Amino acid sequence: MEKKWWKTAVIYQIYPKSFQDSNNDGIGDIGGIINRLDYLEELGIDAIWISPIYKSPQVDSGYDISDYQDIDPIFGNMEDMDRLIEECNKRNIRIIMDLVLNHSSDQHRWFQEAKKSKDNPYHDYYIWRDGKEGEVPNEMMAYFGGSAWEWVPELGQYYFHQFTPEQPDLNWHNEKVRQELYQMICWWMDKGIQGFRLDVIDLIAKEPDLCIAENGPKLHEYVRELSRSTFQKKPEIVTVGEAGNTGVESALLFSAQDGSELSMVFQFEHMDMAHKKENQINWVLPFDLLELKEILSKWQVELYGKGWNSLFWDNHDQPRIVSRWDNDPTYREESAKMYAMLLHGMQGTPFIYQGEELGMTNVAFDSITDYRDIAAKNLYDRMLGRGYTKEEAIELIQKDGRDNARTPMQWDKSLHAGFTKGTPWIKENPNYEEINAEDERKDPNSIFHFYRKLIQLRKEYAIFADGKYCLQDKENKESFSYLRSSDTEELYVVCSFVNGCSKVSIPERFLKDGVLLACNYEESLPEQLQPYEGRIYYRKKNAE
Ligand code: NOJ
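Since the structure is predicted, the reported quantities are computational estimates derived from the model, not experimental observations.

1. Focus: the nonpolar core
Across soluble globular proteins, you tend to see nonpolar side chains buried next to one another.
Next, step 1: Grouped together as the largest cluster of nonpolar side chains are 133 residues, with contacts concentrated most on Tyr12, Ile48 and Met81.
Next, step 2: Core analysis: the next-biggest nonpolar cluster, separate from the first, contains 19 residues, Ile27, Tyr371, Ile394 and Ile426 among them.

Dropping the structure here:
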């Protein structure tokens, strides 16, 4: 297997607004990230992916960029950014920036020019169609609800947007747009940025006239050009494309081992991708263990030796894994560790989302006024418009909403969880007195220390990166087991998904001469799993 640093690495996602506030304005910032680098070093991660910190009107929390080469004042300035790069370098932590290339903000200079006139040189940077007011060019819908077309009366034209109207889609069919974006990326690479997460990369090659939003015919051609013009200039760069609509075939192209496109993609099949369109109300589907096994196993098997997986449960768009599937809260700690083992035992690059390493949970605000996410607010209005009650709408947002992941990081027991001394931009989760980093760092049995251990195991044992995956005990409805094996070593991972005891059969050789590398209980029985128990066994094959 080709040795790339990111194949044994673990990446930590920072949602900067909610990570750490350093100037007490209630919003997390770059200074706050710098102040917490020692914590991240202690955790042992190799790189941080920072959600967008570019200049932005913050309509969609920074995923609406008005200047790709500037820092939004709520986060600091370019000097702070340079300092962050320097401080990360000292600790061997790489920085991965979030690139939103599918759309910009409507406040971006390009769009401001584009809407001045049809012959403005920037007009064609976006996607415009003639029409009559009230008669949209076609039925395409935006991910956050409503038509994907927005009318500009001064021009007598509609422009295309797949998210909010304040996020007009860039026209990737225009060579000039692509070149501008590539130059910008090279500029960040020259500044010392060592990786990029590419927002909704599977949407860039849309063909609105054909009603094609995802996986447009020119998608891979564009991604190859992008990669050649930027990332491939520095072999150390890691790239992960967010591709919510991708299947195995396309993921194999994205993550091809020749490096012609990206390093890996986030696929969402196991999370049943959260972004749904207008007519579907967005539910987290009921949990089905056999289906989860099938999906994760398919990705493990199909990408083996040909592509590369990203591994994740949480991110800033998803409910928290310990709350996602109605897990029994009595076993929060056990299940947090179990989910971690299940994922970190697989092949791929694991991503940890801030607070996941503490077992942070979903939040349940009672009123829409406490929610901040534009997608949640739009959904609420849509549901009320369709006759649902306020309670029904709030119940859905509590279960499924993106703000579940966006409450302030829980650092300690002090006011606002140690996140800010000001008023936080979004309320903290009231459970911060029981769940916080300070306590967990002191407790050797905490979820935090469990994650530390898993991160180290990946570095110590080559089998975590190399081993071939094989699902075991496929029909078992209570536990998920798999084997990883290479010529010389093997791992056996077993995880219970029930809140009672369950029977399990672990291959004799692991019980006899295997080492138990990780387990979320102090003591365990060979043939029985305790609630949400997980174990990772290791064995050298020459011990046979
Ligand atoms: C995916 C991002 O993860 C999400 O937060 C954002 O709203 C959309 N892309 C639009 O950029």
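Still more to cover.
2. Notes on the sheet that holds strand β1 (residues 11-14)
Next, step 1: Taken together, the 8 strands give an open sheet; going across it, the order is β11-β10-β9-β5-β2-β1-β13-β12, and neighbouring strands pair in parallel fashion. Two strands lie at the open edges of the sheet, namely β11 (264-266) and β12 (310-311), each paired on one side alone.
Next, step 2: With 4 bridges joining them, strand β9 (residues 195-198) and strand β10 (residues 238-242) adopt parallel strand pairing. Following the sheet pairing, glycine 195 is matched in β10 by valine 238.

3. Points about the sheet that holds strand β20 (residues 534-540)
Next, step 1: Across the sheet, which stays open at both edges, the 5 strands sit in the order β14-β15-β16-β20-β18 with antiparallel pairing between neighbours. Every other strand in the sheet has two partners, leaving β14 (468-472) and β18 (515-519) as the edge strands with one partner each. Within this sheet the neighbouring strands show an average axis-to-axis angle of 20°, counted without direction.
Next, step 2: Relative to strand β15 (residues 479-485), β14 runs antiparallel, the two being bridged by 5 bridges. When the bridges of β15 are listed, leucine 471 appears paired with tyrosine 482.
Next, step 3: Across the sheet, helix α8 (residues 289-303) lies against β14 and β15, angled at about 15° from β15, the strand it touches most.
Next, step 4: Where helix α10 (residues 332-344) meets the sheet, it contacts β15, β16 (489-496), β18 and β20, and its direction lies at approximately 145° from that of β16.

4. Examining the site of the ligand
Next, step 1: Asp60, Asp199, His316, Asp317 and Arg402 are the nearest of the 13 residues found near the ligand.
Next, step 2: Between an oxygen atom of the ligand and a side-chain N or O atom of arginine 197, the distance comes to 3.0 Å.
Next, step 3: The side chain of aspartate 199 places a nitrogen or oxygen atom 2.7 Å from an oxygen atom of the ligand.
Next, step 4: Its residues placed into classes, the shell around the ligand shows 4 nonpolar, 2 polar and 7 charged.

5. As for unusual backbone geometry
Next, step 1: For valine 200, which is not a glycine, the phi torsion comes out positive at approximately 25°.
Next, step 2: In this structure, valine 200 sits in the loop between β9 and α6 (219-229).
Next, step 3: Owing to a relative accessible area of 7%, valine 200 belongs among the buried residues under this scheme.
Next, step 4: Even without glycine at this site, aspartate 473 takes up a positive phi of about 50°.
Next, step 5: Inspection of the secondary structure puts aspartate 473 in the loop between β14 and β15.

6. Some thoughts on the side chain of arginine 406
Next, step 1: With respect to the element layout, arginine 406 can be found in the loop between α12 (390-400) and α13 (437-442).
Next, step 2: Here histidine 316 takes part through its backbone oxygen, which lies 2.8 Å from a polar atom of the side chain of arginine 406.

So, how was this worked out
Residues numbered from 1 in each chain as written. Predicted model: local features only at pLDDT ≥ 70, side-chain atom pairs only at ≥ 80, totals over all residues. Heavy atoms only, no water. Core = buried A, V, L, I, M, F, W, Y, C linked by side-chain atoms within 4.5 Å. Buried < 20%, exposed > 50% of the residue type's maximum accessible area, 1.4 Å probe, protein only. Pairing = 2+ DSSP bridges. Helix = DSSP H or I, 4+ residues; strand = E, 2+ residues; numbered from the N terminus. Axes fitted to C-alpha atoms, helices over the stretch in contact; angles between N-to-C directions. Contact = heavy atoms within 4.5 Å. Near = heavy atom within 4 Å. Polar contact = N/O pair within 3.5 Å; in protein donor to acceptor, adjacent residues only side chain to side chain. Nonpolar A, V, L, I, M, F, W, Y, C, P; charged D, E, K, R; others polar.

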